[in-house]
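Topology and contacts: notes
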Amino acid sequence: MSPTPITTHNLGFPRIGARRELKQALEAYWRGDTDRQALESTGRELRRRHWQQQGDAGLDLVPTGDFAWYDQVLTLSATLDNLPARHHRAGDPVDLDTLFRVARGSDQAPAAAMKKWFDTNYHYLVPEFRRRQTFALAWRQIIDETAEAVALGHAAKPVILGPLSYLWLGKAEADDFDRLELIPALLVAYQDLLQALADAGAQWVQIDEPILALDLPSDWQRAFERVYHTLKDTPLKILLATYFGPLQDNMHTAVNLPVAGLHIDAVRGPEQILSAVDNLAVHKVLSVGIVDGRNIWRNNLQYSLEQLEVAHRRIGDRLWLAPSCSLLHVPVDLSNEQTLDPTLKSWLAFATQKTGEVVTLGRLLGGVATDADREAFAESRRVAEDRRHHPLTCHQRVRERAGSVTAQDCRRQSPFTQRIGQQQSRLDLPLFPTTTIGSFPQTAEIRRIRRERKQGNIGDTAYTNYMKDCIRDAIQRQETLDLDVLVHGEAERNDMVEYFGEQLEGYAFTAHGWVQSYGSRCVKPPVIYGDVRRPGPMTVEWIRYAQTLTPKPVKGMLTGPVTMLQWAFVRDDQPRHETAMQIALALRDEVGDLEAAGTRIIQIDEPALREGLPLRRADWRSYLDWAVKAFRLASSGVRDATQIHTHMCYSEFNDIIEAVAALDADVVTIETSRSRGELLSAFEAFDYPNQIGPGVYDIHSPAVPSVDGMVAVLERAARKLPADNLWVNPDCGLKTRGWPETEAALQRMVEAATILRERFSPVHLRGHAAGSGHEVEARTG
Ligand code: GLN
Ligand code: ZN
């Protein structure tokens, strides 16, 4: 085949900067340390640098519109003059401070809601819609930045979220009308935007419709045809981008839209390459997302080329290459990692490296490879081979053990109804027992000590003594408050995943592997690269010490296997569920050691259980099956008399309540205070068998909750659930709070529990109805 250069592009590049420059600039501006000019110039410099890097790497088209001061969906809302009326009146001018008010709230009005962006750990600001509203081209950031890129000599391809995904991701204010009604008004503004982008010098526009990877109702599916028919007269060529999953039943819709090109995610849906090639009209471009934009592993170039060969033969230069999705979800540049194990480092690729991989693949496939491309190809092959057999990834005993897990290992000795009696006689707790979720305020001093320790400025003994002081202080305060089940306070933990990951084999931590979570907030997910093994106990000494200080039960505190997996970059050389089982086995050993050390209650947090749900319903079952199995494997090795708690930071249980019940934790503590109705509706339909602690107050606010409010949450719960199954606790850990409000809130929480106890006593007899007309239902098997 004669050489045909392949067009390569990016769907988006991380905006935060390799050194989190944007974070620093934003926070300095918010503190009032710098002015808007300084902030704007940091932004301009980051854009310039990122375009330059991508252009120098050899991409044919560089994205614009991927830069955002806070969030790209918020930028679009401003662009379309659709900011919440409580922050901005339609038609009034918008500036950076308007955006920040919407994103962060003000004294006068609360911030826009934030929501997880599909199944990533990025959060977007939810657009708000009103019936019969209008839209107009207002904020010109994307247009100006496109002109900026063009002026710098780049072939700029603006990236905007498509109208249907934009509508889908928003919420309707008050009266629940059909958001599809807004299409005609919305398209007027989109048409103006597209025209303005063309005037700014763009030829292509990338319109993202990630909802095409979801199960769509048929009216939404049908709306695509209408919308893109209206947009087809734009002077720009439209590349319709889909990602995060295969199109499946939306493939037919996608390939038939009147656009110039379609981007598909070939990492999550490799089988789509051929069906797209088969079905796409002959004048259209097919952009194949071949480099994983969601993970940090180096691409296996040979494997990718094999996947692309047929498509290339069939459609030649109509084939484009790109990462599977925006690179927003991976760290910026691997070359800044100085301390990573060199072997592990050679297996990885961050945004900068991934950009290079796309270019190299394009040149290799198009027959215009350079020596450097051929070297990269050979190196990628060597690395793939190296990784496959490397002792770093493989621990024989771990594999054998994971391979021989039995159903019995994932089952407690007796059913809950039998266990609970033994637990109660051992724990001797009152009705409505009070507890907290684990962490106590992490003061500046605590964080300083941990930092100094990490830098080697504090020796082992001094560090241990300081942490013991924190534990003693936390225990004393809890005893003064008269809480029933105590915690050690987690002062030794910077992060609930990092703390464990650092003590497990198979996990690595980068120095600068930051990924934007929302606004200026970034997270540094660990990398799970090998079989996970626990060299020794991780928490036992702290908990054992805490228990010596009080006769009341102190909870052991662990992060569950699903969360340990979900908040990491996970190895791609074995199925996720296998990695989850390995983590579960490591935790199971920790649980066993805690029990042996005399711990009567062990809490295993799973805040990420729900967010691991696949985008398509059809995939939920298998995910929930292994997620539940992993939790049970971690938690089921204990005696009946040892009580297992779990904690989850949300209350949308309606669709996963059976899985939550299947965890078979003796007690689950959850978020309820912000969304009471939802919790209750889940329990209307499902008779939750075990004990439950509905969070009685919102820890995200420094406000001290009222006793009445907490009593109300408990009474509502007691109407649905047997009172002797209820616990009293805040809705999450308290590490972000200060001590004064924490103690004030907990004091009132204990008061609320006391009130409930009076109303519901005497309940010495389980299943006996008593107090203020409330029924304490009998529980039988
Ligand atoms: N035990 C953890 C804490 O209290 C739980 C945090 C979480 O659920 N996100 O901080
Ligand atoms: Zn929580």
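What comes next is a walk through the structure. The residue count restarts for each chain, going from 1 along the sequence in the order it is written. Written order determines the labels here, with chains lettered from A and ligands numbered from 1. This being a predicted model, a pLDDT of at least 70 is required before a residue's local features are given, and a value of 80 or more before pairs of side-chain atoms are given or counted; all residues contribute to the totals for chains, interfaces and linings. The basis for every side-chain value is the complete set of non-hydrogen atoms in the structure, without hydrogens or water.

1. Here we look at the packing of helix 10 (residues 272-279) against helix 11 (residues 301-315)
Just so we agree on the cut-off: A fitted line through C-alpha atoms serves as each axis, taken over the contacting stretch for helices, and the angle formed by two N-to-C directions is quoted from 0 to 180°. To qualify as a helix, a DSSP run of H or I must reach at least 4 residues; to qualify as a strand, a run of E must reach at least 2; elements of each kind are numbered from the N terminus. Working rule for angles: under 35 degrees goes down as roughly parallel, over 145 as roughly antiparallel, 65 to 115 as roughly perpendicular, anything else as oblique. Residue contacts follow a heavy-atom distance rule, with two residues in contact if any of their heavy atoms lie within 4.5 Å. Gly counts as polar in this scheme, as do all residues outside two lists: the nonpolar Ala, Val, Leu, Ile, Met, Phe, Trp, Tyr, Cys and Pro, and the charged Asp, Glu, Lys and Arg.
The contact between helix 10 and helix 11 brings their axes to 9 Å, and the two run at 10 degrees. It follows from the interaxial angle that helix 10 and helix 11 lie roughly parallel. Residues Ile273, Leu274, Val277 and Asp278 of helix 10 form the contact with helix 11, whose participating residues are Gln307, Val310, Ala311, Arg314 and Ile315. Classifying every residue of the contact of helix 10 with helix 11 gives six nonpolar, one polar and two charged.

2. Observations regarding the packing of helix 11 against helix 14 (residues 371-389)
Orientation of helix 11 relative to helix 14, taken along the N-to-C sense of each, is 110 degrees, at an axis distance of 8 Å. In terms of their interaxial angle, helix 11 and helix 14 are classed as roughly perpendicular. Residues Leu301, Gln302 and Leu305 of helix 11 form the contact with helix 14, whose participating residues are Ala376, Phe377, Ser380 and Arg381. When its residues are assigned to classes, the contact of helix 11 with helix 14 shows four nonpolar, two polar and one charged.

3. Things to note about the coordination of the zinc ion (ligand 2)
Under ideal tetrahedral coordination, the four donors around a metal are separated by 109.5 degrees; under ideal octahedral coordination, the six donors are separated by 90 or 180 degrees. Inclusion rule: With water excluded from the atoms, a metal site may look incomplete; its donors are any N, O or S atoms within 2.8 Å, or within 3.2 Å for Na, K and Ca. Irregular is the default label, applied whenever a site is not tetrahedral (four donors, all angles between 85 and 135 degrees) and neither square planar nor octahedral (four or six donors, opposite donors over 155 degrees apart, all other angles between 65 and 115). Accessibility here uses a 1.4 Å probe with only protein chains present; expressed as a share of the type maximum, an area under 20% marks a residue as buried, one over 50% as exposed, and anything in between as partly exposed.
Distances from the zinc ion (ligand 2) to its protein donors, namely His647 (NE2), Cys649 (SG) and Cys732 (SG), fall within the range 2.0 to 2.2 Å. Coordination at the zinc ion (ligand 2) comes from four donor atoms whose angles at the metal span 83 to 127 degrees, giving a geometry best classed as irregular. Overall, the relative accessible area of 16% leaves Cys732 in the buried class.

4. Some points on the packing of aromatic side chains
The relative placement of two aromatic rings is captured by the distance of their centres and the angle of their planes. Worth spelling out the cut-off: Aromatic rings from Phe, Tyr and Trp, taking only the six-membered ring of Trp, are treated as a pair when their centres fall within 6.5 Å; an angle between ring planes under 30 degrees marks them as stacked, one over 60 as edge-to-face, and anything in between as tilted. A positively charged side chain is recorded as over a ring if its NZ (Lys) or CZ (Arg) lies within 6 Å of the ring centre. The angle to the ring normal must also be within 35 degrees.
Scanning all chains against the criterion turns up 18 aromatic pairs. Here the aromatic rings of Trp204 and Trp320 are separated by 4.6 Å at their centres, their planes lie at 65 degrees, and the arrangement is edge-to-face. Of the two residues, Trp204 is situated in strand 8 (residues 204-208) and Trp320 in strand 12 (residues 319-323); the sequence distance between them amounts to 116 residues. You'll find Trp204 and Trp320 in the same group, each marked buried. Ring centres 6.2 Å apart and planes at 10 degrees place the aromatic pair Phe224 and Tyr228 in the stacked group. On the criterion of helical spacing, the pair formed by Phe224 and Tyr228 is a turn pair, its members being four residues apart in helix 8 (residues 218-231). When its relative accessible area of 0% is taken as the criterion, Phe224 is described as buried. We classify Tyr228 as buried; its relative accessible area is 0%. An aromatic cluster is present here, built from Trp117, Phe118, Tyr124, Tyr243 and Phe244 joined pairwise through their rings. One residue, Arg387, lies across the ring of Trp297, its end atom 3.9 Å from the ring centre.

5. Here we look at the sheet that holds strand 16 (residues 527-533)
Definition in use: Two strands qualify as a pair provided DSSP detects at least 2 bridges between them.
Here three strands make up an open sheet; going across it, the order is 13-16-18 and the pairing mixed. Both edges of this open sheet fall to strand 13 (505-508) and strand 18 (569-570), since each of them pairs with a single strand only. Relative to strand 18, strand 16 is paired through two bridges, and the arrangement is parallel. Bridge pairing in strand 18 links Val527 to Phe569.

6. Structural notes on the environment of Ile458
Mapped onto the secondary structure, Ile458 falls in the loop between helix 17 (444-454) and helix 18 (460-481). Accessibility expressed as a relative area gives 18% for Ile458, which makes it buried. As a C-alpha pair, Ile458 and Gln643 span 185 residues in sequence and 36 Å in three-dimensional space. With near-sequence residues (within four places) excluded, Ile458 lies in contact with Ile449, Glu452, Arg453 and Tyr463.

7. A few points about the pattern of salt bridges
It is possible for side chains bearing opposite charge to pair when their charged atoms get close. Definition in use: We count a salt bridge whenever a side-chain nitrogen from Lys or Arg sits within 4 Å of a carboxyl oxygen from Asp or Glu.
Under the defined criterion, the tally for this structure stands at 52 salt bridges. Asp589 is the salt-bridge partner of Arg401, the closest N and O atoms lying 2.8 Å from each other. Of this pair, Arg401 sits in helix 15 (residues 396-403) while Asp589 sits in helix 22 (residues 576-596), placing them 188 residues apart in sequence. Among the residues examined, Arg401 registers a relative accessible area of 35% and is labelled partly exposed.

8. Remarks on the site of ligand 1
Let me state the cut-off plainly: Note on definitions. A residue lies near a molecule or strand when any single heavy atom of the residue is within 4 Å of it. As used in this structure description, the phrase polar contact means that two N or O atoms lie within 3.5 Å; if the pair is within protein, one of them must be able to donate a hydrogen and the other to accept it, and residues adjacent in sequence are counted only when both atoms belong to side chains. Surface accessibility follows the Shrake-Rupley procedure with a 1.4 Å probe radius. Residue values consider only the protein chains on display as shielding.
Around ligand 1, a shell composed of Ile437, Gly438, Ser439, Glu490, Met496, Met557, Asp605, Pro607, His647, Cys649, Cys732 and Gly733 is seen. A distance of 3.1 Å separates a nitrogen atom of ligand 1 from a polar backbone atom of Ile437. Ser439 is positioned with one of its side-chain polar atoms (N or O) 2.7 Å from an oxygen atom of ligand 1. In the complex, the protein chains occlude 91% of the 300 Å² of accessible area that ligand 1 would expose alone. Partitioning the shell around ligand 1 into residue classes produces six nonpolar, four polar and two charged.

9. Things to note about the nonpolar core
The test is simple: Here, nonpolar core means buried Ala, Val, Leu, Ile, Met, Phe, Trp, Tyr and Cys residues that are tied together by side-chain atoms lying within 4.5 Å of each other.
Of all hydrophobic cores here, the largest spans 106 residues; its most connected members are Phe653, Tyr688 and Tyr697. For this core, the element with the most residues is helix 23 (residues 620-635), which contributes ten residues. The next biggest cluster of nonpolar side chains, apart from the first, holds 88 residues, and it includes Tyr124, Phe129, Leu321 and Leu365.

10. A closer look at the sheet that holds strand 8
Sheets are built from strands that pair by backbone hydrogen bonding, the pairs being arranged parallel or antiparallel. Spatial ordering of the open sheet is given by 1-12-11-10-9-8-6-2, a layout of eight strands whose pairing is parallel. Of all strands in the sheet, those with a lone pairing partner are strand 1 (7-8) and strand 2 (62-64), marking the two edges. As paired strands, strand 11 (residues 285-291) and strand 12 are joined by five bridges and run parallel to one another. The residue of strand 12 that forms the bridge with Ser287 is Trp320. The sheet contacts of helix 13 (residues 351-366) involve strand 1, strand 11 and strand 12, and relative to strand 12 the element is tilted by about 160 degrees.

11. Structural notes on unusual backbone geometry
Unlike most non-glycine residues, Asp81 shows phi in positive territory, near 55 degrees. Considering the arrangement of structural elements, one finds Asp81 in the loop between helix 3 (72-79) and helix 4 (96-104). A relative accessible area of 12% places Asp81 in the buried class. The phi angle at Gln248 is positive, at roughly 45 degrees, despite the residue not being glycine. Looking at Gln248, the relative accessible area reads 49%, which means it is partly exposed.

12. Concerning the side chain of Glu671
Position of Glu671 relative to the elements: it lies in the loop between strand 21 (667-670) and helix 25 (676-685). With a relative accessible area of 5%, Glu671 lands in the buried category. Among residues more than four places away in sequence, those in contact with Glu671 are Met648, Cys649, Tyr650, Ser651, Gly695 and Asp731.

13. Re the environment of Lys115
Looking at the element boundaries, Lys115 is found in strand 3 (residues 114-116). Between the C-alpha atoms of Lys115 and Gly170, which are 55 residues apart in sequence, the distance is 9.7 Å.

14. Overview of the pairing of strand 19 (residues 601-605)
Using the following cut-off: Crossover handedness is defined here as right-handed if the route from the first strand over the helix to the second strand goes clockwise, with the strands pointing away from the viewer.
The buried fraction of strand 19 is high, at five of five residues. Along strand 19, one buried face is formed by Ile601, Gln603 and Asp605 and the opposite face, lined by Ile602 and Ile604, is buried too. Pairing of strand 17 (residues 555-559) with strand 19 involves five bridges; the strand directions are parallel. Directly across from Leu558, in strand 19, lies its bridge partner Ile604. Bridge count for strand 19 against strand 20 (residues 643-648) is five bridges, and the pairing is parallel. Within strand 20, the residue paired with Ile604 across the bridge is Thr646. Chirality of the crossover, the property in question, places the unit of strand 19, helix 23 and strand 20 among those that are right-handed.

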